[in-house]
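# Tertiary structure, described
One letter stands for each residue in the lines below.
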Amino acid sequence: MNPSFSLCVYCGSRPGLDPKHLALASTVGQWIGRHGGQLVYGGGKAGLMGEVARSTLGAGGRVIGVIPAALVEKEWANHDCSELHIVSTMHDRKRMMAERADAFLALPGGIGTFEELFEVWTWRQLGYHDKPVGILNTSGYYDGLLTFLRTAVSEQLMSEWQMELIQTGSEPIALLQSLVQAAGLTTTPRLEEI
């Protein structure tokens, strides 16, 4: 069965200190799987990345992992993915992930997550794509970043319309539904969800 939507999730390759982060990754993965979706992600088996993939697969969803060869050699690849694409560079990885996604979502993460989020956001404001982009700000993880971005707008170094290109929320289910709807797609809940 073809997935009804394809969501690219950016998140940490570490679990972080707060167990809520792992629970959040599990909730997101389960929702994707239970609603006929497909996860596109960085192909790792550790941290939040690994948890969102395991949870998607466990809930019956498809998982597409995209990982550079250098990270496979370090044994970070998740070989349990429905499809695991091994690419040459990080640029190839991000391009393929963007091409395979209908929408993008950032969970808690580090520098790689931030870079990926800002890149797809920049691409959207430049018109390279018109896919929804979201930040899941559960437990206030992104409060500081969002405050900083508001400062950039108030300093007129960014525009309000650029901020409007990002959907933010603290409730995972509501934000997931909003991103899928904004992409013009629908979910197909499994029978136990109806």
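Structure first, text after, so check above.
Conventions we followed
Numbers given to residues run from 1 along each chain, matching the order in which its sequence is written. Totals for whole chains, interfaces and linings use every residue, but because this is a predicted model, local features are given only for residues with pLDDT of at least 70 and side-chain atom pairs only at 80 or more, for both listing and counting. Derived side-chain values reflect all non-hydrogen atoms in the structure, with water molecules and hydrogen atoms excluded from consideration. Here a helix means four or more residues in a row that DSSP labels H or I, a strand means two or more in a row labelled E, and each is numbered from the N terminus. Atoms counted for the radius of gyration: C-alpha only. Globule rule: 2.2 Å times the number of residues to the power 0.38. Exposure is judged per residue with a 1.4 Å probe applied to protein chains only, and the accessible area is read against the type maximum: over 50% gives exposed, under 20% gives buried, and values in between give partly exposed. In this description, contact between two residues means that some pair of their heavy atoms is separated by no more than 4.5 Å. Using the Shrake-Rupley algorithm and a 1.4 Å probe, accessible areas are obtained, with residue cover drawn only from the displayed protein chains. DSSP bridges decide pairing: two strands pair if at least two such bridges lie between them. Angles shown run from 0 to 180 degrees and are taken between the N-to-C directions of axes, each axis being a line fitted to C-alpha atoms and, for helices, limited to the stretch in contact. In this scheme the handedness of a crossing depends on how the near helix is turned from the far one: anticlockwise by less than a right angle means left-handed, clockwise means right-handed. By the convention adopted, Pro, Cys, Tyr, Trp, Phe, Met, Ile, Leu, Val and Ala count as nonpolar, Lys, Arg, Asp and Glu as charged, and the other residues, Gly among them, as polar. Here, a salt bridge means any Lys or Arg side-chain nitrogen found within 4 Å of an Asp or Glu carboxyl oxygen.

Along its length, the protein chain carries eight helices and seven strands. For 194 residues, the compact-globule estimate of 2.2 N^0.38 gives 16 Å, and the protein chain sits close to it at 16 Å. The principal-axis extent of the C-alpha atoms belonging to the protein chain is close to 45 × 45 × 35 Å. Split into buried and exposed, the 194 residues of the protein chain put 48% on the buried side. Long-range contacts, defined here as pairs at least 24 residues apart, represent 70% of the contacts in the protein chain between residues at least 6 apart. Entry remark: accessible area of the protein chain is about 9,700 Å², with carbon and sulfur atoms responsible for 54%.

All right, on to the side chain of Gln38 then. Mapped onto the fold, Gln38 is located in strand S2 (residues 37-41). Gln38 has contacts with Pro3, Phe5, Ser6, Leu7, Ile32, Arg62, Ile64 and Arg100, leaving out every residue within four places of it along the chain.

Glancing now at the sheet that holds strand S3 (residues 62-68). A sheet is described by the order of its strands in space; here seven strands give the open sequence S4-S3-S2-S1-S5-S6-S7, paired in parallel fashion. The sheet is open, and its two edges are formed by strand S4 (83-87) and strand S7 (166-169), each paired on a single side. When strand polarity is set aside, the average angle formed by the axes of neighbouring strands in this sheet is 20 degrees. Sheet contacts for helix H5 (residues 111-125): strand S1 (5-10), strand S5 (103-106), strand S6 (133-136) and S7; angle to S6, the most-contacted strand, approximately 150 degrees.

So, about the packing of helix H1 (residues 19-34) against helix H2 (residues 47-58). Contact pair H1 / H2: the axes reach a minimum separation of 7 Å and the direction vectors enclose 30 degrees. As H1 packs across H2, the resulting crossing turns out to be right-handed. The segment H1 lies against H2, with His21, Leu22, Ala25, Ser26, Val28, Gly29, Gln30, Ile32 and Gly33 engaging Gly47, Leu48, Glu51, Val52, Ser55 and Thr56. Its residues assigned to classes, the contact of H1 with H2 comprises six nonpolar, eight polar and one charged.

Right, let's talk about the pattern of salt bridges for a bit. One pass over the full model with this rule turns up eight salt bridges. Where Glu83 meets Arg62, a salt bridge forms, and the shortest distance between an N and an O atom there is 2.4 Å. Within this pair, whereas Glu83 is found in strand S4, its partner Arg62 is found in strand S3, the two being separated by 21 residues in sequence. Given the relative accessible area of 23%, Glu83 is considered partly exposed. Residue class for Arg62 comes out partly exposed when judged on its relative accessible area of 26%. In this structure, Asp130 engages Arg124 in a salt bridge whose closest nitrogen and oxygen atoms are separated by 3.2 Å. Overall, Asp130 belongs to the exposed group, its relative accessible area being 63%. Linked through salt bridges whose partners overlap, the residues forming this network are Arg62, Glu83 and Arg100.

In short, the description is geometric, and any link to function would need to be established separately.
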